[in-house]
Amino acid sequence: MDAKELLDSLDVGVLAMAPDWTVAAWSAAAARITALPADRVVGGSIWIAFPAAKGTELELVLVDVLADGKPRTFLAPAGTPEVAGTVLEIRITRGPENHLVLCFRPVHEELAPESRAAQLLSALEAERRLYLQLFSSLPTPALVLSPGGQILDANPEGANLLGGADAAALRGRVLTEWAPAAQRGMLAAGLRHAVTKRQDVALSFEFAGEPAREVRAVVVNVDPVRAAPKLLFLALDVSREILLQQRLLQADRLSQLGALVSGVAHELNNPLAAIAAFGEALALEPHQSDLQESAEVIRSEAMRAGRIVQTLLDFARQRPRMQTAVDLGEIADRVLALQRSALKKARIRATISIPHDLPAVSGDPQELQQVMLNAVVNAGQAIEGTGRPGQIVIAGRSTDHHVLVTVDDTGPGVPPEILDRVFEPFFSTKAEHGTGLGLAISFGLVRGMGGRMWMQNVEGGGARLSFELPVDAGSPDAAARAPGRPAGQRLSLLVVEDEDAVRRAMALLAKRLGHEVTTVGRFADATERLAQPGARYDALLVDVHLDEAHTGFDLFDHLRTAGQGLEQRIVFTTGDSISAQTRDALERAARPVLRKPFSLDDLREMLERVTAG
């Protein structure tokens with residue numbers, strides 16, 4: 001019988017420890033008693049076999065036997081989670097070439113219940129179970145370390161912090177493996193100083209293929225009386241906290257932007273309304289055919305500027321979610337108007353391939369604008385990262401009661417191994433340049449509108465973000481509504497607008513439609529006109545902001561009090577951001593709104609709507 005067979009035939013566990021404190025031999029009984037197979041122990045540190053004994057009296061006994069060669073017997077907990085609570089009787093002797101031989105067996109069940117030793121061991125076992133339960137149930141990552149940074153134990157949250165590895169697999173590894181090279185010296189110094197004084201450390205943990213995790217930790221010596229201290233490393237993963245702070249900062253800046261743009265929107269949109277109206281009137285003038293092209297450019301550019309202002313306002317302000325019919329072609333136009341300069345700078349050509357007869361979808365216009373803006377921004381960044389010119393194509397088509405929208409780019413595509421993770425919150429491939437929230441938010445918004453979203457790579461290069469939304473059920477009915485007055489019928493209109501240029505422009509457009517127009521600039525002038533005998537108006541175009549003392553809602557309330565029903569002929573006009581207060585007043589009045597700047601067609605459609613029936 002050879003030596004190994006002899007060892008494996010024994011009922012006691014046998015361990016041979018080399019002078020460098022690694023396990024040289026591990027018997028079959030040792031594996032059975034500790035539930036640790038030989039291939040997991042041999043060649044590793046002895047503390048893999050007895051993790052709970054690191055820094056205890058057992059370590060001192062091993063040092064003494066190694067020094068003087070006198071055999072000693074010691075009681076120690078087994079310490080592995082698989083045999084929690086087991087106490088071992090360990091006999092330590094010194095063999096040839098300074099190898100130590102440890103023979104051990106479980107002794108708890110062999111002691112008489114009434115013996116003092118049994119009572120002590122029972123108390124030790126109870127304390128150990130309590131420690132394990134407390135340590136494992138901590139909601140924050142916790143590690144037990146040696147002063148050199150070797151991991152002696154880890155709770156489940158601690159294992160997750162270090163990339164989700166099994167706690168047992170972490171034992172014996174050094175914590176600095178996860179720290180960036182520039183921070184390893186700082187971490188090692190912090191652990192050394194923690195032997196005598198509590199330390200607060202802040203560092204990053206790095207993982208292959210994942211963003212670094214920002215960690216703040218407290219390190220304390222929980223066994224200061226021992227020659228080999230044990231350090232408790234209590235950590236807090238603040239990565240999400242930092243990202244949320246960044247998100248809140250972005251939201252605050254966005255709020256400030258909204259307040260700034262809201263403050264100037266009225267001042268911008270009123271002159272834009274006048275420019276667009278006079279430009280359109282000039283383009284329609286039959287005797288000025290040589291100026292028609294210039295006039296159309298003036299009109300179209302004024303309308304584009306107005307759309308950009310409105311897009312910024314819609315994107316910046318907070319408001320309740322709404323569900324209505326949305327024209328995706330219009331949303332795409334508005335998004336590209338916002339991104340025109342950035343795309344041009346990055347040498348990216350953006351095109352829209354959405355048919356004019358594509359059905360409207362059911363959703364929230366502002367949220368859909370955010371979804372499409374996120375898609376275009378991500379596509380643009382992907383192309384820009386290649387350093388080459390590229391192309392973005394926004395396309396839409398009908399698919400069985402749904403509308404499918406795709407945003408294709410000619411960038412490098414998405415690595416296949418992360419393709420199924422792009423919609424995870426906080427997952428980003430842009431390091432500090434991305435929050436990992438854009439696509440996650442878009443995914444949630446689309447799902448909230450009853451749709452779905454997915455990402456795929458395009459054959460030949462590039463990526464495609466697709467989302468599908470249900471067709472608005474009310475669109476066919478809206479298209480089939482019975483017409484009101486014939487388009488050519490002459491109406492009597494009262495325009496109440498405080499700015500002279502805008503008032504003249506609105507009158508000019510209304511007269512182009514063949515209507516009779518009366519204009520006034522103040523609240524008092526409007527009430528005076530309406531009180532004249534025989535005054536009759538088919539519609540009243542009333543600016544939300546009139547003069548210093550009155551608003552359009554004051555005129556609405558005045559007419560409602562009069563009881564003649566004229567308030568039901570009001571169309572409110574506005575060039576501002578529609579603040580919460582204005583929105584509430586519009587909801588109470590339940591009257592339509594014509595946003596400035598508007599075109600001749602916008603005015604025609606609104607008048608037909610208001611005077612129908």
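This structure is a prediction, so every number in the text was calculated from the model and none was measured.

**Points about empty space enclosed by the protein**
Leftover empty space is mapped by rolling, across the atoms, a probe with the size of a water molecule.
No. 1: One pass over the structure, following the stated rule, counts one cavity of 30 Å³ or more.
No. 2: Of the volumes computed, that of the largest cavity is approximately 50 Å³.
No. 3: Contributing to the lining of the largest cavity are S45, W47, I48, P51, Q150, I151, L152, R171 and G172.
No. 4: For the lining of the largest cavity, the elements supplying multiple residues, two or more each, are α4 (46–49) and β7 (151–154).

**Notes on the pairing of strand β20 (residues 539–543)**
One face of the sheet, then the other: side chains in a regular strand alternate in exactly this way.
No. 1: Within β20, five of the five residues are buried, leaving the element largely enclosed by the surrounding structure.
No. 2: With four bridges joining them, strand β18 (residues 492–496) and β20 adopt parallel strand pairing. Considered in β20, the bridge of L493 is made with A539.
No. 3: Sheet topology places β20 next to strand β21 (residues 570–574); four bridges connect them, and they run parallel. Residue pairing for β21: L540 is matched across the bridge by I570.
No. 4: Taken together, β20, helix α18 (residues 552–562) and β21 form a β-α-β motif whose crossover is right-handed.

**A short note on the environment of S398**
No. 1: Note that S398 resides in strand β14 (residues 390–398).
No. 2: For S398, a relative accessible area of 45% corresponds to the partly exposed category.
No. 3: For the pair S398 and P355, spaced 43 residues apart in sequence, the C-alpha to C-alpha distance is 9.7 Å.
No. 4: Not counting residues within four places of it along the chain, the set of residues in contact with S398 comprises L358 and P359.

**Observations concerning the packing of helix α17 (residues 523–531) against α18**
No. 1: Where α17 contacts α18, the axes come no closer than 10 Å and their chain directions differ by 25°. Classified by the interaxial angle, the pair formed by α17 and α18 is roughly parallel. Every pair of crossing elements has a handedness; the one defined by α17 and α18 is right-handed. Residues F523, A526, T527 and L530 of α17 form the contact with α18, whose own contacting residues are D554, L555, H558 and L559.
No. 2: Residue classes in the contact of α17 with α18 are distributed as five nonpolar, two polar and one charged.

**So, the pattern of salt bridges**
No. 1: With the rule as written, the count across this model stands at 14 salt bridges.
No. 2: We note a salt bridge from D153 to R171, for which the minimum N-O separation is 3.4 Å. Of this pair, D153 sits in strand β7 while R171 sits in the loop between α8 (167–170) and α9 (181–193), placing them 18 residues apart in sequence.
No. 3: One salt bridge in this structure joins D538 and R536, with 3.0 Å as the shortest N-O distance.
No. 4: Taking the relative accessible area as the measure of exposure, D538 reaches 10% and is therefore buried.

**Concerning helix α13 (residues 365–384)**
No. 1: Here α13 is 20 residues long and its end C-alpha atoms lie 28 Å apart, about the 28 Å a rise of 1.5 Å per residue gives.
No. 2: Its side-chain oxygen at 3.0 Å from the backbone nitrogen of E367, D364 defines the N-terminal cap of α13.

**A few points about the sheet that holds strand β16 (residues 452–457)**
No. 1: The strand order β12-β14-β15-β17-β16 describes an open sheet built from five strands, whose pairing is mixed. In this open sheet, the two strands that pair with only one neighbour each are β12 (348–353) and β16. Pairwise comparison of adjacent strand axes, ignoring direction, gives a mean angle of 15° for this sheet.
No. 2: Here seven bridges tie strand β15 (residues 402–409) to strand β17 (residues 463–470), and the two strands are oriented antiparallel to one another. Within the sheet, the bridge partner assigned to V405 lies in β17 and is F467.
No. 3: Packing against the sheet, helix α12 (residues 328–345) makes contact with β12, β14 and β15, and its axis sits at approximately 175° to β12.
No. 4: Across the sheet, α13 touches β12, β14, β15, β16 and β17, and the angle it forms with β14 is around 145°.

**Here we look at the environment of T611**
No. 1: Among the secondary structure elements, T611 is positioned in the segment after α20 (600–610).
No. 2: Distance from T611 to L491, taken between C-alpha atoms, is 9.0 Å for residues 120 residues apart in sequence.
No. 3: Here L607 takes part through its backbone oxygen, which lies 2.6 Å from a polar atom of the side chain of T611.

The rules behind the values
- Residues numbered from 1 in each chain as written.
- Predicted model: local features only at pLDDT ≥ 70, side-chain atom pairs only at ≥ 80, totals over all residues.
- Heavy atoms only, no water.
- 1 Å grid on protein atoms, 1.4 Å probe; cavity = no way out; pocket = protein on both sides within 12 Å on 5 of 7 lines; lining within 4 Å.
- Points joined across faces, edges and corners; volume = space filled by probe spheres on them.
- Helix = DSSP H or I, 4+ residues; strand = E, 2+ residues; numbered from the N terminus.
- Buried < 20%, exposed > 50% of the residue type's maximum accessible area, 1.4 Å probe, protein only.
- Pairing = 2+ DSSP bridges.
- Right-handed = clockwise from strand over helix to strand, strands pointing away.
- Contact = heavy atoms within 4.5 Å.
- Axes fitted to C-alpha atoms, helices over the stretch in contact; angles between N-to-C directions.
- Parallel < 35°, antiparallel > 145°, perpendicular 65-115°, else oblique.
- Left-handed = near helix turned anticlockwise from the far one by under 90°.
- Nonpolar A, V, L, I, M, F, W, Y, C, P; charged D, E, K, R; others polar.
- Salt bridge = Lys/Arg side-chain N within 4 Å of Asp/Glu carboxyl O.
- Expected span 1.5 Å × (residues − 1).
- Polar contact = N/O pair within 3.5 Å; in protein donor to acceptor, adjacent residues only side chain to side chain.

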